[in-house]
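Inside the fold
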Amino acid sequence: MTASMRARPSNARRAAWAGAALVAASLFTGPAGAQALKQYDSSGKAFWKNPPPDWFLGDETSAQKGLAPPANPALPASDDELAENLKAVKLPPGFTISVYASGVPEARQMAFGDKGTLFVGSFGATNVYAIVDQGGKKVVKTILKGLNMPTGLAYRDGALYVVAIDKILRYDNIEANLDKPPEPVVVYDDMPSYVAHGWKYLTFDKDGWVYVPLGPPFNIGNPPSSVSQVRRVDLKTGAAEIVALGVRNSVGGDIDPRTGRYWFTENARDWMSDDIPSDKLNMISKVVEHFGYPYCHQGDLPDPKFAQGRTCAEFTPPVAKLGAHVAPLGMKFYTGSSFPAEYKNNIFIAEHGSWNRHKYQGGRIERVIVDPDGKNAKLETFASGWLKGDRDYTGRPADILVAPDGSLLVADDWAGAIYRIAYTK
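Below: a short report on this structure. Keep in mind that this is a model prediction, so the values were computed, not measured. (Residues numbered from 1 in each chain as written. Predicted model: local features only at pLDDT ≥ 70, side-chain atom pairs only at ≥ 80, totals over all residues. Heavy atoms only, no water.)

1. Regarding the state of the cysteines
In the structure shown here, the tally under the stated rule is one disulfide. Covalent S-S linkage joins C296 and C312, the inter-sulfur distance amounting to 2.2 Å. Taking the sign of the S-S torsion, about 110 degrees here, the bridge from C296 to C312 comes out right-handed. Residue C296 is located in strand β18 (residues 296–297), and its partner C312 is located in the loop between β19 (301–302) and β20 (320–324); the two are separated by 16 residues in the primary sequence. Classification of C312 by relative accessible area gives buried; the value is 14%. (Disulfide = S-S within 2.5 Å. Helix = DSSP H or I, 4+ residues; strand = E, 2+ residues; numbered from the N terminus. Buried < 20%, exposed > 50% of the residue type's maximum accessible area, 1.4 Å probe, protein only.)

2. Considerations on the sheet that holds β20
Spatial strand order, β14-β15-β16-β20: four strands in an open sheet with antiparallel pairing. Of all strands in the sheet, those bounded by a partner on one side alone are β14 (253–255) and β20. Here the strands of the sheet are splayed against their neighbours by 15 degrees on average, with no regard to which way each runs. Of the strand pairs in this sheet, β14 and strand β15 (residues 262–266) are connected by three bridges, and their pairing is antiparallel. Each bridged residue has a counterpart across the sheet, and for D254 the counterpart in β15 is W263. (Pairing = 2+ DSSP bridges. Axes fitted to C-alpha atoms, helices over the stretch in contact; angles between N-to-C directions.)

3. Thoughts on the sheet that holds strand β29 (residues 417–423)
Hydrogen bonds between backbone atoms are what pair the strands of a sheet, whose relative direction is either parallel or antiparallel. Spatially, four strands are ordered β1-β29-β28-β27 in an open sheet, and the strand pairing comes out antiparallel. Each edge of the open sheet carries a strand with a single partner, namely β1 (95–102) and β27 (397–402). Averaged over all pairs of adjacent strands, the angle between strand axes in this sheet comes to 25 degrees, irrespective of strand direction. Summarising the sheet, β1 and β29 pair through seven bridges and their orientation is antiparallel. Along β29, the bridge assignment pairs F95 with Y423. Its contacts with the sheet place helix α4 (residues 79–86) against β1 and β29, and it is angled at close to 160 degrees to β1. (Contact = heavy atoms within 4.5 Å.)

4. Description of a nonpolar patch on the surface
Taken together, the side chains of I242, L245, V287 and V288 define a hydrophobic patch exposed on the protein surface, amounting to about 300 Å² of accessible area. What makes V287 exposed here is its relative accessible area of 59%. (Patch = residues over 30% accessible without salt bridge, like charges linked within 9 Å, V, L, I, M, F, W, Y side chains within 5 Å. Areas by Shrake-Rupley, 256 points an atom, 1.4 Å probe, with all protein chains shown as cover. Salt bridge = Lys/Arg side-chain N within 4 Å of Asp/Glu carboxyl O.)

5. Here we look at the pattern of salt bridges
Pairing of side chains with opposite charge becomes possible as their charged atoms draw close. For the structure shown, the criterion picks out 23 salt bridges. Among the salt bridges present, the one from D275 reaches R357, with a minimum N-O distance of 2.7 Å. Separated by 82 residues along the polypeptide, D275 in the loop between β15 and β16 (278–283) and R357 in the loop between β22 (347–351) and β23 (364–369) bring together distant segments of the chain. On the basis of relative accessible area, R357 is assigned to the buried category, the value being 12%. A salt bridge links D405 to R420; its shortest N-O distance comes to 2.8 Å. Highlighted residues: D405 in the loop between β27 and β28 (408–412) and R420 in strand β29, separated in sequence by 15 residues. Overall, R420 belongs to the partly exposed group, its relative accessible area being 29%.

6. Details of the environment of L160
Mapped onto the elements of the fold, L160 is located in strand β7 (residues 159–163). The class for L160 is buried, based on a relative accessible area of 0%. Separated by 10 residues in the primary sequence, L160 and R170 have C-alpha atoms spaced 5.7 Å apart. Excluding residues that lie within four positions of it along the chain, L160 makes contacts with F119, V128, I143, L153, A154, Y155, L169, R170, Y171 and I174.

7. Things to note about the pairing of strand β13 (residues 240–245)
Here strand β12 (residues 229–234) runs beside β13; their pairing, made up of five bridges, is antiparallel. Among the inter-strand pairings, R232 is bridged to a residue of β13, identified as E241. Linking β12 to β13, which pair antiparallel, is a turn of five residues; within it G238 sits at a positive phi near 85 degrees. Pairing between β13 and strand β17 (residues 289–290): two bridges, direction parallel. Residue pairing for β17: A244 is matched across the bridge by E289.

8. Section: the pairing of strand β4 (residues 128–134)
Most of β4 sits inside the fold, with five of its seven residues counted as buried. Across three bridges, strand β3 (residues 118–122) lies against β4 in antiparallel orientation. Looking at β4, one finds that V120 is bridged to Y129. Note that β4 and strand β5 (residues 137–144) share seven bridges and pair antiparallel. When the bridges of β5 are listed, Q134 appears paired with K137. Between β4 and the antiparallel strand that follows it, β5, lie two residues; G135 among them carries a positive phi value of about 65 degrees.

9. Overview of the nonpolar core
By size, the foremost hydrophobic cluster in this structure holds 23 residues, and its most contacted members are F348, I365, F382, L408, Y419 and I421. Of all elements in the fold, only α4, β1, β22, β24 (378–383), β27, β28 and β29 reach the threshold of two or more residues within this core. Excluding residues that lie within four positions of it along the chain, F348 makes contacts with G330, M331, K332, Y334, F339, Y343, I365, E366, R367, F382, I400 and L408. (Core = buried A, V, L, I, M, F, W, Y, C linked by side-chain atoms within 4.5 Å.)

10. Thoughts on unusual backbone geometry
In the segment running from V287 into V288, the intervening peptide bond is cis, with an omega of -5 degrees. Positionally, V288 belongs in the loop between β16 and β17. With an omega of 0 degrees, the peptide bond between Y293 and P294 qualifies as cis. Along the polypeptide, P294 turns up in the loop between β17 and β18. At H325, a residue that is not glycine, the phi angle is positive and equals roughly 60 degrees. Among the secondary structure elements, H325 is positioned in the loop between β20 and β21 (328–333). For A327, which is not glycine, the phi dihedral falls at a positive 55 degrees. Assessed through its relative accessible area of 11%, A327 is described here as buried.

Pasting the structure below:
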């Protein structure tokens, strides 16, 4: 792809992200050091009455000054671009990758319906998509528009559930009404309306309750009592319980088929350095566990300002450290049968990739082999090749889903595509 084809910021991007690009550009203008470091005090009333659009730049350091999230391409990658990009993707022997569907702007969490429809949420595009098979060709339908960052969705008992910042919506009998979805039913709305770290991920357990992470509306600070937690919600009654505290930003999770426990990825804080703290893979083993934020990061690193006398020994450590600024998002246990036997119950994690780092890392799919009790975690890269050079993405994996045939589907919100990884040997 050419730089001119992929450089314009997306029209659908949220104002917060567009504002970040403008702020980042301004930091490089004028004499060196002319611009002050970006700093916000989240403990003050002014922050909450008028949150800044570029809140994620608020703890900028001189060592990392000027870093900002890269703007998404204006349009999804073309089929020719995707084919060229996938030539660079490296997989273990016997595995292949192909395009399952293209033209899926800012694709995020995925879920299959009973009739084989693939539902896909989005980040700033405000859409929910349905991908259906028509004569052997995957057709992408935009079935819902204008929602507030509908990144997370799930399907159960004929209904599609979509989370849009502060509401979980239910669309009944959705597969029979793709061309004219029913009016949604609000099934849960006891959530803050903050956009910052407000995008969410939904995971049903065997009892029909859904796990919902709620992130704090800033990079680092003492969070309000309603966020930095994971809740378990009964969408039939609205009953909810807090199952984890001290969670910074989780946008991925799954139920371990071996134990029924909830595991989740967590993005650690920014603006400490290129190499700390590490992002995490966590497991909830008891109610209510505290995973450290904002006092302790990566299980063993007190925050230089917000430790506030607390020690890391007080909190639950991660099952695995994933690396600094790799941005782990969607994850799934492999429950299919088409991969070799040693892949059964392994975890696959979509790493969205860095922005708060001079040399990016992530932009890949990691495989985690781990015991049911969270011991003996072993990490290895399963798929890579979407990151070129120090800071150039051709794709950014955002979610993982095990397909009915045992293949893995990967949502890429940068290229606006869904990939299929299959074992063919």
